[in-house]
Amino acid sequence: MKIKFIYITLLSCIALNVSAQKAGIKKADKNYDKFAYIDAIKTYERVAEKGFKTPDMLQKIGNAYYYNADLVNAEKWYGELFAMTEEVEPEYFFRYAQSLKGVGNYAKADEMMAKFNLKSGNDSRGLIAKTKKDYREEIKKNSGRYKIEDAGINSEYSDYGPAFYLDKVVFTSTRDTGNFSKRKHSWTDQYFSNLYSADMTTEGVLSAAGKYGKKLNTKFHESTPAYTKDGKTVYFTRNNFLDGKKGKDANKVTLLKIYKATLEEDKWINITALPFNSDSYQVAHPTLSADEKTLYFASDMPGTKGLSDLYKVDIKEDGSFGTPVNLGSDINTEGRETFPFITSDNELYFASDGHPGLGGLDIFITKLEKDGSFKQVHNVGESANSQYDDFALIINKTSKRGFLTSNRPGVGNDDIYKFLETREIDWDCEQSLVGIVTDANTGAILPNTKLTLFDEKFTKLRDTISGLDGRYDFGIVDCEKKYYVRAEKETYTTKEVPVIIAKESGITELPIELDSAVKAIPVGGDLADVFGINLIYFDLDKWNIRPDAAIDIAKILDVLNQYPTMKIDIRSHTDSRQTHKYNEVLSDRRAKSTRDWLIKHGIAPERLTAKGYGETQLVNKCADNVECSEAEHQLNRRSQFIITDL
């Protein structure tokens, strides 16, 4: 009885344990779907530690850590996933690669990125990684430009997203301010964020921080402000909450929006949501251009390429806004692009995990050109970047002092660091693209030719007109980048020419020769040269006109119809590989077959003569018993249509 009781009790415990595990997994899945990732992590790990592991569960544990920027633990769980199976969606190869970088295993990370590129098709992150295999060399070259230290305002919680405001720095923090309610967000287990400020000296030293902007802060998230130079207008990020009302998307999640407020008698008033916000997508992290006519921000609105893209929107003189414009594939990837910042020199800093970096989010820089395009994107290097998340860089270009955020080991989850830039980014080189347009036949210069510059994806960048000297100038272009130049002029055939810009500073010369669309052919000239007809093709040992050969002969027919008094002599030639007699007979039959085709299509017989010359008029050395390449023999196999009378 005792044994049986023990057996029954054991079975009951097992049944209860299995039931509890299933309930635990169900609860964790519910938390995961609601973005309560901290609770999900705890539950999943407890279940996994008891041996209940599936690819789906390992994905979710890895994701939970990955989305919370804990790449060390993400690498552990993704590692278990890949040890179990590689039959996963391509995105997991990317996430595992990023997590491997987070623990410094760059060799294996590059291996995973190579697999990601194979499995993901045309994903730009994989293509960039393939073309930038030396990305660590670029990072090394740009490293050592920042003297970084703790900003002195960090708490044990999350402090991030600094902004310059007059003689202060305003930043975001989830620190506990003593409020008895202590509201926490279930995703990160952090308090909801508010805005704080600290006075700043000219050397970038910050005073003790305090709560900022009473009217701006609510019980939900506020973060990442951007101010006009006069300090009277602010754009900032907040959960979808205004006038006591909370908005939610279709999944009942309160997303982020950008709001605007104005300062009046030291109080922020007129808090309004920007018109391109939506309950259905996120809009966050605003920054203003130097002339304050453009607002840049991050969003996952429709048309977004990745998890979040960078956008810009015009601010009109009456204060209204234009239509948001995606910054394009030179900036945005299928990953995360976020936390933009524009300097007074029109340099754009942003964070990305789609461009090659050291792990997690890295900080990148590009430069806005006068035509609205951007220079090549560069990783700003260590020590601004690390194998952790690095983001939200701001800099005063005059003092070279600034601040950035990182979750590298420090005081809290995210910390703000101050820095001095000791050397500006090495833009590698500055190249100008210039050239001259001429007539391919005569060499004459061709003024007033329209020239259009395209990038490697044939996106139009800009156009210009050649001058009286035939020269054109597209100005500054990116080094090591491929472009196409299209040249168009009346009475000439339009031409597109590819060009790859050099690596060093200088000028790339791209001369363009245009073929006249209207060619003057004198008596004795060959119509085959006009249309690029090298040979009228026949089947082996045959002389009947093939359908593909008829296409070329039809061009000759059209010219003869345009000039009813023109007469031509049709000549067919062979190479020396066959007997002399054989080549002469076969070529003669082919020439006369071509003449018969033209007569059949309406040309008077007296306008046409035809003869085969076999191998009697070779254009090179390739006579009998002379060793020649196939290309050399091809030069002798030709068809001619010589004008004998006009």
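Criteria and thresholds
Residues numbered from 1 in each chain as written. Predicted model: local features only at pLDDT ≥ 70, side-chain atom pairs only at ≥ 80, totals over all residues. Heavy atoms only, no water. Helix = DSSP H or I, 4+ residues; strand = E, 2+ residues; numbered from the N terminus. Buried < 20%, exposed > 50% of the residue type's maximum accessible area, 1.4 Å probe, protein only. Salt bridge = Lys/Arg side-chain N within 4 Å of Asp/Glu carboxyl O. 1 Å grid on protein atoms, 1.4 Å probe; cavity = no way out; pocket = protein on both sides within 12 Å on 5 of 7 lines; lining within 4 Å. Points joined across faces, edges and corners; volume = space filled by probe spheres on them. Nonpolar A, V, L, I, M, F, W, Y, C, P; charged D, E, K, R; others polar. Phe/Tyr/Trp six-rings, centres within 6.5 Å; stacked < 30°, edge-to-face > 60°. Lys NZ or Arg CZ within 6 Å of the ring centre and 35° of its normal. Expected span 1.5 Å × (residues − 1). Contact = heavy atoms within 4.5 Å. Core = buried A, V, L, I, M, F, W, Y, C linked by side-chain atoms within 4.5 Å. Pairing = 2+ DSSP bridges. Axes fitted to C-alpha atoms, helices over the stretch in contact; angles between N-to-C directions. pLDDT = per-residue confidence, 0-100. Patch = residues over 30% accessible without salt bridge, like charges linked within 9 Å, V, L, I, M, F, W, Y side chains within 5 Å. Areas by Shrake-Rupley, 256 points an atom, 1.4 Å probe, with all protein chains shown as cover. Lys, Arg positive; Asp, Glu negative; His and termini not counted. Charge placed at Lys NZ, Arg CZ, Asp CG, Glu CD. Parallel < 35°, antiparallel > 145°, perpendicular 65-115°, else oblique. Left-handed = near helix turned anticlockwise from the far one by under 90°.

1. Section: the overall build of the protein chain
Item 1. When its secondary structure is counted, the protein chain shows twelve helices and 35 strands.
Item 2. Every one of the 646 residues in the protein chain was classed for burial, and the buried ones make up 49%.

2. Quick word on the pattern of salt bridges
Item 1. For the coordinates displayed, the defined rule picks out 26 salt bridges.
Item 2. A salt bridge links Asp110 to Arg136; the shortest N-O distance between them is 2.8 Å. Taken together, the residues span a long stretch of sequence, with Asp110 in helix 6 (residues 106–120) and Arg136 in helix 8 (residues 135–142) at a distance of 26 residues.
Item 3. Three or more residues joined by partner-sharing salt bridges are found here, namely Arg145, Glu347, Lys397, Lys400, Glu421 and Glu424.

3. Things to note about the layout of surface pockets
Item 1. For the second largest pocket, the calculated volume is near 1,000 Å³.
Item 2. Forming the boundary of the second largest pocket are 29 residues, of which Thr131, Lys132, Gln376, Glu456 and Glu480 lie nearest the centre.
Item 3. When contributions to the lining of the second largest pocket are tallied by element, the ones reaching two or more residues are helix 7 (124–131) and helix 8.
Item 4. Per element, the largest residue contribution to the lining of the second largest pocket is four residues, and it comes from helix 7.
Item 5. Along the lines of polarity and charge, the residues of the lining of the second largest pocket split into seven nonpolar, seven polar and 15 charged.

4. Structural notes on the packing of aromatic side chains
Item 1. Here the structure, examined in full by the defined rule, presents 25 aromatic pairs.
Item 2. Each ring, one from Phe276 and one from Phe297, has its centre 5.0 Å from the other, and the planes form 15 degrees; the classification is stacked. Taken together, the residues span a long stretch of sequence, with Phe276 in the loop between strand 13 (267–273) and strand 14 (283–288) and Phe297 in strand 15 (residues 294–299) at a distance of 21 residues. Comparing Phe276 with Phe297, the two get one shared label, buried.
Item 3. In textbook terms, an aromatic cluster arises when at least three aromatic residues are bridged by ring pairs, as seen for Tyr235, Phe276, Phe297, Tyr311 and Phe321.
Item 4. The cationic tip of Arg95 hangs over the ring face of Tyr92; the distance from NZ or CZ to the ring centre is 5.0 Å.
Item 5. Of note, Arg408 hangs over the ring of Tyr417, and the distance from its end group to the ring centre comes to 5.4 Å.

5. Re helix 5 (residues 90–102)
Item 1. The first and last C-alpha atoms of helix 5 sit 19 Å apart over 13 residues, in line with the 18 Å expected at 1.5 Å per residue.
Item 2. Most of helix 5 is tucked away: eleven of the 13 residues are buried.
Item 3. Tyr92, Phe93, Phe94, Arg95, Tyr96, Ala97, Gln98, Ser99, Leu100, Lys101 and Gly102 are the residues of helix 5 that are buried.
Item 4. Buried-residue contacts for helix 5 involve helix 3 (55–67), helix 4 (71–84), helix 6, helix 7 and helix 8.

6. Re helix 4
Residues lying three or four places apart along an α-helix face the same way, a consequence of the helix completing one turn every 3.6 residues.
Item 1. Taking 1.5 Å as the rise per residue, helix 4 with 14 residues should run 20 Å; its terminal C-alpha atoms sit 19 Å apart, in good agreement.
Item 2. For helix 4, the full list of buried residues reads Leu71, Ala74, Trp77, Tyr78, Gly79, Leu81 and Phe82.

7. Focus: the nonpolar core
Item 1. Ranked by internal contacts, the top residues of the largest apolar core, which has 25 residues, are Ile61, Tyr78, Leu81, Phe82 and Met112.
Item 2. Only helix 2 (37–49), helix 3, helix 4, helix 5 and helix 6 provide two or more residues apiece to this core.
Item 3. Counting residues in each nonpolar core, the second largest holds 23 residues, with Ala151, Ile365, Val380 and Ile395 among its members.

8. As for the sheet that holds strand 12 (residues 256–264)
Item 1. Strands sit in the order 8-9-12-13 across an open sheet of four strands; the sheet is antiparallel. In this open sheet, the two strands that pair with only one neighbour each are strand 8 (222–227) and strand 13. Taken over all neighbouring pairs, the strand axes of this sheet differ in orientation by 30 degrees on average, direction set aside.
Item 2. Sheet analysis places strand 9 (residues 233–239) next to strand 12, joined by seven bridges and oriented antiparallel. In the sheet register, Val234 faces strand 12, and the bridge partner there is Ala261.

9. Brief notes about the side chain of Thr172
Item 1. Topologically, Thr172 is positioned in strand 3 (residues 168–173).
Item 2. A residue is classified by how much of its surface remains accessible, and Thr172, at 0% relative accessible area, is buried.

10. Description of the confidence of the model for the protein chain
Item 1. With 85% of its residues at a pLDDT of 70 or more, the protein chain shows a mean pLDDT of 83.
Item 2. In this model, residues 1–22 is a region of pLDDT below 50 whose contacts with residues beyond four sequence positions or in other chains number three contacts.
Item 3. Within the model, the stretch residues 177–188 combines pLDDT values under 50 with 28 contacts to residues more than four positions away or in other chains.

11. Examining a negative patch on the surface
Item 1. Among the surface-exposed residues, Asp134, Glu137, Glu480 and Glu504 lie close enough to one another that they form a single negatively charged patch.
Item 2. Along the chain, the position of Glu480 falls in the loop between strand 28 (471–477) and strand 29 (482–488).
Item 3. A relative accessible area of 45% places Glu480 in the partly exposed class.

12. As for empty space enclosed by the protein
Item 1. Tallied over the entire structure, the rule returns four cavities of 30 Å³ or more.
Item 2. Taken as a whole, the second largest cavity holds about 50 Å³ of empty space.
Item 3. What lines the second largest cavity is simply Lys132, Tyr135, Glu138, Ile139, His355, Pro356, Phe364, Val377 and Asn379.
Item 4. Here the lining of the second largest cavity gets three residues from one element, more than from any other, and that element is helix 8.

13. Overview of the pairing of strand 22 (residues 390–396)
Item 1. Among the seven residues that make up strand 22, six are buried, leaving the element largely enclosed by the rest of the structure.
Item 2. Sheet topology places strand 22 next to strand 23 (residues 401–406); five bridges connect them, and they run antiparallel. Paired with Asp390 across the bridge in strand 23 is Ser406.
Item 3. Between the antiparallel neighbours strand 22 and strand 23 lie four residues, among them Lys400 with a positive phi of about 65 degrees.

14. Brief notes about the packing of helix 4 against helix 5
Item 1. Where helix 4 meets helix 5, the closest approach of the two axes is 8 Å, and the angle between their N-to-C directions is 135 degrees. Between helix 4 and helix 5, the interaxial angle falls into the category oblique. Seen along the crossing, helix 4 lies across helix 5 with a hand that is left-handed. Packed against helix 4, whose contacting residues are Leu71, Ala74, Glu75, Tyr78, Gly79, Leu81 and Phe82, the element helix 5 presents Tyr92, Phe93, Arg95, Tyr96, Gln98, Ser99, Leu100 and Gly102 at the interface.
Item 2. Across the contact of helix 4 with helix 5, the residue classes break down as nine nonpolar, four polar and two charged.

15. Some thoughts on the environment of Glu222
Item 1. Assignment of secondary structure puts Glu222 in strand 8.
Item 2. On the basis of relative accessibility, which here comes to 0%, the residue Glu222 falls in the buried class.
Item 3. Placed 48 residues apart in sequence, Glu222 and Thr174 show a C-alpha to C-alpha distance of 9.8 Å.
Item 4. Excluding residues that lie within four positions of it along the chain, Glu222 makes contacts with Thr172, Ser193, Asn194, Leu195, Leu216, Asn217, Phe236, Thr237 and Arg238.

16. Digging into the packing of helix 5 against helix 6
Item 1. At a minimum axis separation of 8 Å, helix 5 and helix 6 run at an interaxial angle of 165 degrees. Relative to helix 6, the element helix 5 lies roughly antiparallel. Considering the relative orientation of helix 5 and helix 6, their crossing is left-handed. On the side of helix 5, the interface is formed by Pro90, Glu91, Phe93, Phe94, Tyr96, Ala97, Leu100 and Lys101, while helix 6 contributes Tyr106, Lys108, Ala109, Met112, Met113, Lys115, Phe116, Lys119 and Ser120.
Item 2. The residue makeup of the contact of helix 5 with helix 6, split by class, is eleven nonpolar, one polar and five charged.

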